[in-house]
Amino acid sequence: MVSIDNVYKTVLTILNKEKRGYITPREFNDYARQAQLEIFESYFSGVNRSLSNNSDYSDTKRNVEEKISFLENEATIATGSFTNASGATTSDYFAYPSDFYRLSVVSTTTGDQFIEEISNKKFLFVNKSPFTKPSITSPVYLTHENGLVIKPTGIPNVSVSYVRKPSEPQWVGGTANGQIIVNTSGVGFKNFELHPSEETELVAKILTFAGVTLRAPDLVQATAQKESQIIQSEQ
Amino acid sequence: MAELKTKYSEQNYYAKFENDAANIPTDFKGLGYYSRTSVADIVNSFIIAYIGEDKALTKVPKFEIEFWAQRGLQEFSYDTLHSEKAIEIELGDAGQVALPQDYVNCSKITVTTADGVQKLLLPYTKTGNPTAPLQDSTGDFTYDSDGKANLADSSVTIARYQAARADSINASDYYNSNYNEENFTYYNNRFGLNPADSSTVGTYFIDTVSGVIFFDSSVKGVTDSVVTLHYISDGLAASDDLNLIYVPKLAEDAMYAYILYNLAKVRPSVGQMISLYKKEASAKLRNTKIRLSNYKSEEMAQVLRGKSKWIKH
């Protein structure tokens, strides 16, 4: 977790020091949400770019995977059906959990059988071969709108490992005696759901967004450079 | 402490044999289960050991591994594993037996004598069961309303093969009946007799198209004649659950090598390693055949002693 209050106050300090003005909590929350999403999404392409080594702490690929693991989750989803806008119904359908972002592993809840992903085209052939036809002990899944279709019919529940969406960060608070005071028990208050190492990048990203709003190109340039520096140091 | 590889406690394992119903495990795999492993376990182990980054194969769908595991078991069943099956059937008046559902090829067919000895029947190759279109009095085929030829239920060829033959007298009867009566006219009458065609035990013909085995009159004419069909299957017929299909552990390594080679050969990116995998698969299959042949020098010595040979072991 990254404290949203720390990030907000750091951003305000930098902006005030430069006498560039002030961003309201509402503006900050918008920037915070956007910054968190950008950083979060960059993990998935970052895994491929990262180098792996045998060290304990500087294996960059492992570090990125560790950041993703902050949002890894499991859920049991049950069979149902899906009806699209034109009324066509899909059976053997398993809807994703509401906070679903990316799928990792699907397995049966009884017996822990791994469920293999298969394309629609390949399934037509696999389903006709006596060797590969999906069975209760060797099921397969096809991806579908907001869920999965699992074959064969008759599997009531499956377990999915997935990466969930990070909750939207929100700073809640006000001012008292000229001081900015956070209200951590306020309605909707939420810290960033990212690895603690992301604090500096969050500050840099939010400053970039703020720089655009405040029409301060030099701030945008400086923070963009800083952000790029941080990203490079992580690779 | 590491988990034991054996699945049951000693008491649970022997419970069924000792009729100790209370201690028989619900998932009991049978006495001697430890000598074999399931195809599902082989597939899982193969994924662990061979698939992944920096391994022999990077990414292979599980169903493809399962495909080659099953193909491997089929091939091994045909000529490597001791997978011969036998079914004992009482022969009816028709003298016909249907092929079993899991039949792949015949090993041998025997007829059981009154004292329980299985006598070998020989296949008869000089007959057949051809399709027999029905013909009218002029010899023309007859057709149904769809224009297809009407077919007879059975061919005359196979009916005549199964019918009792006038000359079906066995060699000893033929010899004795003539010799004892000082009738030497039989000389040269059976000249050139082919021993394969002159078995008094009987012959059979397998019609693989209709899936029926036909026996000749010398077998089907015997009251209560019981024939045993020894055949091979492909090892997969028992279940569609790979957890319930087993491979002897002596063949496990050859299975891994077979799967690896076949997955690699359809992936050109594997490159020059394919020839290595091929040699490995071939060598391990050979080793498996030697292992499963189960030759024991003591047993061989005992057999040869019966042949008045001296041999040390």
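Before reading on, note that the structure itself is shown above.
Residues numbered from 1 in each chain as written. Chains lettered and ligands numbered in written order. Predicted model: local features only at pLDDT ≥ 70, side-chain atom pairs only at ≥ 80, totals over all residues. Heavy atoms only, no water.

(A) Structural detail: the overall build of chain A. Along the backbone of chain A there are 6 helices and 9 strands. What you see for chain A is a C-alpha radius of gyration of 23 Å, clearly larger than the 18 Å of a compact globule of 235 residues, by over 25%. On the principal axes, the C-alpha backbone points of chain A span a range of 75 × 45 × 30 Å. Every one of the 235 residues in chain A was classed for burial, and the buried ones make up 40%. Sequence-distant contacts, at least 24 apart, represent 63% of the contacts inside chain A between residues at least 6 apart. Surface accessibility of chain A: about 13000 Å² in total, with carbon and sulfur atoms responsible for 50%. Averaged over its 22 positive side-chain charges, chain A has a centre that lies 4 Å from the centre of its 26 negative ones. (Helix = DSSP H or I, 4+ residues; strand = E, 2+ residues; numbered from the N terminus. Rg over C-alpha atoms; globule rule 2.2 N^0.38 Å. Buried < 20%, exposed > 50% of the residue type's maximum accessible area, 1.4 Å probe, protein only. Contact = heavy atoms within 4.5 Å. Areas by Shrake-Rupley, 256 points an atom, 1.4 Å probe, with all protein chains shown as cover. Lys, Arg positive; Asp, Glu negative; His and termini not counted. Charge placed at Lys NZ, Arg CZ, Asp CG, Glu CD.)

(B) Just the sheet that holds strand 3 (residues 100-108) of chain A, in detail. All names here are of chain A. What the 7 strands build is a closed barrel, ordered 1-2-6-5-4-3-7; its pairing is mixed. Taking each pair of neighbouring strands and ignoring which way they run, the sheet shows an average axis angle of 45°. Pairing geometry for strand 4 (residues 114-117) and strand 5 (residues 140-144), over 2 bridges, is parallel. By the bridge assignment, E117 is partnered in strand 5 with Y141. (Pairing = 2+ DSSP bridges. Axes fitted to C-alpha atoms, helices over the stretch in contact; angles between N-to-C directions.)

(C) Seen up close, the pairing of strand 8 (residues 173-176) of chain A. Residue and element names in this part refer to chain A. Where strand 8 lies against strand 9 (residues 179-182), 4 bridges are found, and the strand directions are antiparallel. Paired with G174 across the two strands is I181, which belongs to strand 9. The hairpin turn running from strand 8 into strand 9, its antiparallel successor, is 2 residues long, and N177 in that turn takes a positive phi close to 55°.

(D) Region of interest: a nonpolar patch on the surface. A cluster of nonpolar residues, Y14, F17 and L31 of chain B, forms a patch on the protein surface that exposes about 330 Å² of accessible area. The topology assignment puts L31 of chain B in the loop between helix 1 (10-15) and strand 1 (36-38). (Patch = residues over 30% accessible without salt bridge, like charges linked within 9 Å, V, L, I, M, F, W, Y side chains within 5 Å. Salt bridge = Lys/Arg side-chain N within 4 Å of Asp/Glu carboxyl O.)

(E) Layout of the interface of chain A and chain B. Listed as interface residues are 13 residues of chain A and, on the opposing side, 14 residues of chain B. Overall, the association of chain A and chain B removes approximately 1100 Å² of surface from exposure, summing both partners, and the carbon and sulfur fraction of that is 56%. Interface area lost by chain A to chain B is led by E116, F131 and T137 of chain A, which between them contribute 49%. Across the pair E53 of chain B and K61 of chain A runs a salt bridge, and its minimum N-O distance is 3.6 Å. At the junction of chain A with chain B, the criterion picks out 4 residue pairs in polar contact (both at pLDDT 80 or more). Breaking the side of chain A that touches chain B down by element, the ones donating at least two residues are strand 4 and helix 4 (120-126) of chain A. Grouping the constituent residues of the side of chain A that touches chain B by class yields 5 nonpolar, 5 polar and 3 charged. (Buried area = accessible area lost by both parts, 1.4 Å probe. Polar contact = N/O pair within 3.5 Å; in protein donor to acceptor, adjacent residues only side chain to side chain. Nonpolar A, V, L, I, M, F, W, Y, C, P; charged D, E, K, R; others polar.)

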